[in-house]
Amino acid sequence: MTATHDAAALGIETPRTLFIDGAFEAAASGATFETVDPSTENVLAQAARGDATDVDRAVAAAKRATRGPWRDITPAERGRMIFRLADVILAHKEEIARIETLDVGKPLKESRGDVEGVVATLRYNAGAADKLEGATIPLGRSVIDFTLLESAGVTAHIVPWNYPLGMLARSVGPALAAGCTTVIKPAEQSPLSAMLFARCCVEAGIPPGVVNVVTGFGEEAGAALVAHPDVRGITFTGSVETGRLVYAGAARGLKPAVLELGGKNPVIILPDADLDRAVVDILDGAFGNSGQVCSSSSRLILHRSIHDEFLDRLAEAASRLTVGAGLDDCDLGPVVSAEQYGRVTGYIAEGGRNGARLRHGGGRPKHLGRGYFIEPTIIDRVDPSHVVSREEIFGPVAVALSFDTMAEATALANGLGYGLVAGVYTADIGTALTLARDIEAGSVWINGWFIGGQQAPTGGIKDSGIGRERGLPGIMNYLQIKNVGIRL
Ligand code: ADP
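What you see is a predicted model, and the numbers here were worked out from it, not measured in a lab.

Across its full length, the protein chain holds 16 helices and 20 strands. For the protein chain, the spread of C-alpha atoms along the principal axes amounts to about 70 × 65 × 40 Å. Relative to its 488 residues, the protein chain shows a buried fraction of 57%. When contacts within the protein chain are restricted to residue pairs at least 6 apart in sequence, those whose partners lie at least 24 apart make up 73%. Summed over its atoms, the accessible surface of the protein chain is roughly 19000 Å², and 54% of this surface lies on carbon and sulfur atoms. Taken together, the 46 basic and 57 acidic charged side chains of the protein chain have centroids lying 5 Å from each other.

Moving on: the sheet that holds strand S14 (residues 357-360). A sheet is described by the order of its strands in space; here seven strands give the open sequence S14-S15-S16-S13-S12-S17-S18, paired in mixed fashion. Here the strands that pair on one side only, and so sit at the sheet edges, are S14 and strand S18 (443-446). Recorded for the sheet is a direction-independent mean angle of 25 degrees between the axes of neighbouring strands. As paired elements, strand S13 (residues 299-303) and strand S16 (residues 397-403) share five bridges and run parallel to each other. When the bridges of S16 are listed, His303 appears paired with Phe403. Against the sheet, helix H11 (residues 304-319) makes contact with strand S12 (266-269), S13, S14, strand S15 (377-380) and S16, and its axis sits at roughly 135 degrees relative to S13, the strand it touches most. Lying on the sheet, helix H14 (residues 406-413) is in contact with S12, S13 and S16; it crosses S16 at an angle near 145 degrees.

Right, let's talk about helix H9 (residues 240-252) for a bit. For H9, with 13 residues, the first-to-last C-alpha span of 19 Å sits near the 18 Å given by 1.5 Å per residue. Listed in full, the buried residues belonging to H9 are Val240, Gly243, Val246, Gly249 and Ala250. Those residues of H9 that are buried lie in contact with helix H8 (218-227), strand S10 (233-237) and strand S11 (257-260). Positive phi shows up at Leu254, right after H9, with a value of about 50 degrees.

Turning our attention to the domain arrangement of the protein chain. Taken as a whole, the protein chain is organised into domain 1 (8-261 + 465-484) and domain 2 (266-453). Using only C-alpha atoms to locate each centre, domain 1 and domain 2 end up separated by 30 Å. Residue-level contacts link 27 residues of domain 1 with 28 residues of domain 2. At the boundary of domain 1 and domain 2, one finds one salt bridge. For Lys109, the salt bridge is made with Asp331, and the minimal N-O distance between the two is 3.2 Å. At the boundary of domain 1 and domain 2, one finds 13 residue pairs in polar contact (both at pLDDT 80 or more). Going through the elements one at a time, helix H4 (93-104) and helix H5 (108-128) are the ones with two or more residues in the side of domain 1 that touches domain 2. Taken together, the residues of the side of domain 1 that touches domain 2 break down into 11 nonpolar, seven polar and nine charged.

Strands sit in the order S5-S6-S20 across an open sheet of three strands; the sheet is antiparallel. On the outer flanks of this sheet lie strand S5 (136-137) and strand S20 (479-487), each paired with one strand and no other.

Across all of its chains, the model carries 27 salt bridges by this definition. As a salt-bridge pair, Glu220 and Arg49 come within 2.5 Å of each other at their nearest N and O atoms. Taken as a pair, Glu220 in helix H8 and Arg49 in the loop between strand S4 (42-48) and helix H1 (52-66) lie far apart in primary sequence, 171 residues in all. The salt bridge involving Asp380 is made with Arg357; its shortest N-O contact spans 2.9 Å. Of the two residues, Asp380 is situated in strand S15 and Arg357 in strand S14; the sequence distance between them amounts to 23 residues.

The rules we used
Residues numbered from 1 in each chain as written. Predicted model: local features only at pLDDT ≥ 70, side-chain atom pairs only at ≥ 80, totals over all residues. Heavy atoms only, no water. Helix = DSSP H or I, 4+ residues; strand = E, 2+ residues; numbered from the N terminus. Buried < 20%, exposed > 50% of the residue type's maximum accessible area, 1.4 Å probe, protein only. Contact = heavy atoms within 4.5 Å. Areas by Shrake-Rupley, 256 points an atom, 1.4 Å probe, with all protein chains shown as cover. Lys, Arg positive; Asp, Glu negative; His and termini not counted. Charge placed at Lys NZ, Arg CZ, Asp CG, Glu CD. Pairing = 2+ DSSP bridges. Axes fitted to C-alpha atoms, helices over the stretch in contact; angles between N-to-C directions. Expected span 1.5 Å × (residues − 1). Domains from an automatic or database assignment. Salt bridge = Lys/Arg side-chain N within 4 Å of Asp/Glu carboxyl O. Polar contact = N/O pair within 3.5 Å; in protein donor to acceptor, adjacent residues only side chain to side chain. Nonpolar A, V, L, I, M, F, W, Y, C, P; charged D, E, K, R; others polar.

Structural data, given as structure tokens:
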């Protein structure tokens, strides 16, 4: 059965508004842009196209809110408000999940899981709101010295399209817990769920101006937000190229920036690994969310002795994955946009032109004539120096390389500019920990993939980013340390 994809039939009220100072209003220019359902290629809704004028209004509202009731409530009350926001979002889980699925194509079960993750993230940060403590500094008997943790003020949250609401909550949750106010810029491919988040903020009683949403284009609304002098912190998740632009803009304003960028994440699988487990994990790690995940298991570094067996098993498991519209709740939905479809299929073709072997998939599933669908794809016999082995594809494509010695495996793992996450599969704890020590990445996962949660810090080194999100370090991004010294 094919689910209906008509926005009106699904009760999607097309937003056409920004959310500024607690009110839903059109962009000052009146301009809008289309968002497309990637499983049908049809226009799903219109969103307001905010620009620098709207960013000014949103930042002004956020600045006023730093001096309003948000400042005067206790941290415990602030925490209770964020808990309430989590409850409201949970109450709207089904509606939010359906809209996210329509907007970006991901299977409904994944969207539901994303909403649950948002709730967990908000609750974690809500619980921390009244536990953010400074320190006393021992300077001797004649001085008392202590630190105050103060909110950073107005913060900008530039969000990608792969987990629109999940990435929004990952940075807005801790910012709110720290007492900051926020201006959110969703990605142009996925503007809808942020508006639902705004509605939930109203329903939860978050004071006006604490959360603002400016939908629009990166070069317009995003760049204006980065440049705005009253924005005192930036959190960006997206591509390396855009991350460099954002960081350059932050540098001009001397603003701290947390950047979570791409990855081409190595998974080293040794001969003694539990291959059954590795197949299950890598199937999800490489093809979940159609591979549009910064921490996807996209670069398989396989010991030569198990290379063929592992890929046979992975291909067999991949052949059982279903591909279809998100609302039909298959295993893989489409990729997000025509542009992304072109990028991913371009990489697959490039691999073919350079002698790599298409071990599985590689094209559009035969039963799907329209929509940005790509089969789960496995590429092997590819040179490690080839673009397909080196660049982030951000689609359902796993690339396999082989190695003989540990030194070779480590060199391959560390051979790229990226350093987001890495995985090791082995039964030998010494080998696992040696590799965990030697691999250049922000996270190393042993005998598992996507290990973590809202409590565990995540982030990249090298080209994969700056700073850490989630966990208590994630809240520190939104706090300033003020030192107070008293001579007795
Ligand atoms: P992709 O290339 O996968 O679409 P981007 O990294 O360009 O991803 O986008 C991530 C987010 O950054 C989106 O919200 C996008 O609108 C925003 N963005 C894009 N360009 C800029 C820019 N120059 N300044 C600020 N934000 C931007």
